[in-house]
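A structural walkthrough
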Amino acid sequence: MSRLISRLDDLCVALTGQDAVVVYHQLQAIAANVISWLLVLLRVRVPALRLGRKGADSAVLVLSPGGFERFVLEPLPVESVVTVGYNVTAPTVERLPTCNSLARLPDGPPPGHAIVRIKAFSVNYADVTIRWGLYESAIKYVGYPICPGFDFAGVVERVGPGASVQDGDTVVGITFFGAYSERVLVPCHQLFAVPKGMSIAQAAALPSVSGTALHALALAGLWPSLPASRNRAVLVHSAAGGVGSMLVQMAKAIGCHPIVAVVGASHKVAACEALGATAVIDKSKEDLWSAASKAAPGGYCAIFDANGVQTLARSYSALAQTGTLVIYGFHTNLPTSSMLNPLAWVRMLVGILRMPRFDPMDLVLSSKSVAGFNLSFFADETRMVGRYFEQILAWVEDGSLALSNVTTFPMDELPRAHDAIQSGQSIGKLVCLTRHAGD
């Protein structure tokens, strides 16, 4: 049996680049999304761009993989019921049997933890893939129903013994799922004071995109100090988005040059120029790779790519000697519509089969590197994440890092935010405001 499983694993890796467990999870997601699509088509389920509130404090749950119709606003009926991330393991936290994202705290917050009354939470593209059932850490650590969301801002409502924050503190925080809520329990080391002059919506928009950007720079060898190699050119795909806008600003702060930003629509060019990009390539009007070569004839020391199959192979080719391709997403592998119909799945399968394979021999001979990551698996990397946020907050304080493009939605209009981020037309960050935003 073990030999059969091993061979199945090898086959899945050869065909898709992923092991058998991940492929199994994706097959489950296909089934759930096709069922969801059929039920919407037959009008058994009706998607809505506005969620009906059933109570006072609430959390947004995704009941099962699918479209907007799988969202529901779930009441948090009493103060002792909160959302929690997968890394909260204190024995006094009683997870509800109906949903692993919800927990009861009969004895209040455990030591070193705090309950935060959320005023705003961020919407990331990862949340869309969670809704579709394609986000592996969400499946592995939580399952469905799930409360998505990684970053939030609000006010500390109650603390456990030994907490490093106090009741009434205004904080920005990270949770490993569970931020789509009005009340969340988190370890105190995942909370930081909101920087001076930053609005609550800007604060909620900060953690995930800035942490992703800084880890990408670290993997490229550009932080905490620039390498000894002569090339300092960087190229940032999807530069007007949340992570891309952070990468452009951070690259400028550490001294990279030129900083070449790539966008897919003309209305995004000015935003990237304002962030400090040396050159902006609008690939809707010019050939991306001809313009990239012209902007940096010697190639790039780092290329940051969340596009997937559309650009990965050419991004690797555009690297200079000692350059690094950093991969943190696969947007072009995924559709821009809310529903994943059977044709969308066929297109995604074709995209997976077309994904480039990087030859170890070529990596050596060309002196290039390829790195990838997903921060949602980093719950135990407390020292690293803490160090990142020391730097991020320092850049915010000295003006090197800003969140100037933040679009807000009411919490009950979350589907509109998902629709906007899926479209590929949004600029900067999207944030939902809870009913506590005006408190």
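Refer to the structure printed above.
Numbering of residues starts from 1 in every chain and runs along the sequence as written. Local features in this predicted model are restricted to residues of pLDDT 70 or higher, and side-chain atom pairs are both shown and tallied only at a pLDDT of 80 or more, whereas totals for entire chains, interfaces and linings draw on every residue. In computing side-chain properties, one takes all heavy atoms of the structure into account and sets aside hydrogens as well as water.

Along the chain, the position of Tyr135 falls in the loop between α3 (125-132) and α4 (136-141). When accessible area is computed with a 1.4 Å probe and restricted to protein chains, residues below 20% of their type maximum are described as buried, those above 50% as exposed, and intermediate ones as partly exposed. Residue Tyr135 is classed as buried on the basis of its relative accessible area of 11%. In this structure the C-alpha to C-alpha distance between Tyr135 and Leu42, which are 93 residues apart in sequence, comes to 27 Å. The contact definition used throughout considers only heavy atoms, calling two residues in contact when any of these lie within 4.5 Å. With sequence-adjacent residues up to four places away left out, Tyr135 is seen in contact with Ala126, Thr129, Ile130, Phe150, Phe177, Asn374 and Ser376. Residues adjacent in sequence count toward polar contacts only when both atoms are side-chain atoms; beyond that, a polar contact is any pair of N or O atoms within 3.5 Å, and within protein one must be able to donate a hydrogen and the other to accept it. Side-chain polar atoms of Tyr135 contact the side chain of Asn374, separated by 3.0 Å. Only DSSP runs of H or I with at least four residues qualify as helices, and only runs of E with at least two residues qualify as strands; both kinds are numbered from the N terminus onward.

Of all eight residues that make up α3, eight are buried, and the element is covered over most of its length. Listing the buried residues of α3 in full gives Tyr125, Ala126, Asp127, Val128, Thr129, Ile130, Arg131 and Trp132. Against the buried residues of α3 lie α2 (20-41), β1 (58-62), β2 (71-75), β6 (113-123), α4 and α13 (414-423).

Turning to the sheet that holds strand β15 (residues 319-327), a few remarks are in order. Strand order in this open sheet of six strands is β13-β12-β11-β14-β15-β16, and the pairing throughout is parallel. Both edges of this open sheet fall to β13 (279-282) and β16 (369-372), since each of them pairs with a single strand only. Going from strand to strand, the sheet's axes swing by 15° on average, the running direction of each strand aside. If DSSP finds at least two bridges between two strands, the strands pair. Looking at chain direction, strand β14 (residues 300-305) and β15 are connected through five bridges and run parallel. The residue of β15 that forms the bridge with Tyr300 is Leu319. On the sheet, helix α8 (residues 288-295) packs against β11 (234-236), β12 (259-263), β13 and β14 and is oriented at approximately 170° with respect to β13. For helices, the fitted line uses only the C-alpha atoms of the stretch in contact; every axis is such a line through C-alpha atoms, and the angle between N-to-C directions lies from 0 to 180 degrees.

What follows concerns the packing of helix α5 (residues 200-219) against helix α6 (residues 242-254). Close contact between α5 and α6 brings their axes to 8 Å; oriented N to C, the two are set at 50°. Taken together, the axis directions place α5 and α6 in an arrangement best described as oblique. α6 is crossed by α5, and the crossing has right-handed handedness. Facing Val209, Ser210, Thr212, Ala213, Leu214, Ala216 and Leu217 of α5, the residues of α6 in contact are Gly242, Val243, Met246, Leu247, Met250 and Ile254. For classification purposes, an angle smaller than 35 degrees is called roughly parallel, one larger than 145 roughly antiparallel, one from 65 to 115 roughly perpendicular, and anything else oblique. Here a crossing is taken to be left-handed if its near helix is turned anticlockwise relative to the far helix by less than a right angle, and right-handed if that turn runs clockwise.

By size, the foremost hydrophobic cluster in this structure holds 57 residues, and its most contacted members are Val60, Val116, Phe121, Phe152, Phe177, Leu191 and Leu414. Excluding residues within four positions of it along the chain, Phe121 makes contact with Asp151, Phe152, Ala179, Tyr180, Ser181, Ala204, Met411, Leu414, Val431, Cys432 and Thr434. Counting residues in hydrophobic clusters, the runner-up holds 56 residues, among them Leu214, Leu222, Trp223 and Val431. Nine residue types can take part in a nonpolar core, namely buried Ala, Val, Leu, Ile, Met, Phe, Trp, Tyr and Cys, and a core is a set of them joined through side-chain atoms within 4.5 Å.

Before going further, it helps to examine the packing of aromatic side chains. Two rings belonging to Phe, Tyr or Trp (six-membered ring only in the last case) form a pair when the distance between their centres is within 6.5 Å. Interplanar angles under 30 degrees mark stacking, angles over 60 mark edge-to-face geometry, and anything in between is tilted. Scanning all chains against the criterion turns up 13 aromatic pairs. Seen in terms of ring centroids, Tyr86 and Phe177 are 6.1 Å apart; in terms of plane orientation they differ by 40°. Their pairing is tilted. Note that Tyr86 is positioned in the loop between β3 (81-84) and β4 (94-96) and Phe177 in the loop between β8 (170-174) and β9 (183-187), a separation of 91 residues in sequence. With a centroid separation of 5.1 Å and an interplanar angle of 45°, the aromatic rings of Phe150 and Phe177 are classed as tilted. Note that Phe150 is positioned in the loop between α4 and β7 (151-159) and Phe177 in the loop between β8 and β9, a separation of 27 residues in sequence. For the pair Phe150 and Phe177, one class covers both residues: buried. Grouping aromatic residues by their ring pairs yields a cluster made of Tyr86, Tyr135, Tyr141, Phe150, Phe176, Phe177 and Phe377. Cation over ring: Lys368 sits above Tyr316, and NZ or CZ is 4.7 Å from the ring centre. Criterion for a charge above a ring: Lys NZ or Arg CZ within 6 Å of the ring centre, and within 35 degrees of the ring normal.

For α8, the complete set of buried residues consists of Leu288, Trp289, Ala291 and Ala292. Axial view of α8: buried residues confined to an arc of 160°, hence all on one face. Looking at the buried side of α8, the elements it contacts are β11, β12, β13, β14 and α9 (312-317). What the arc measures is the spread of directions leading from the helix axis to the C-beta atoms.

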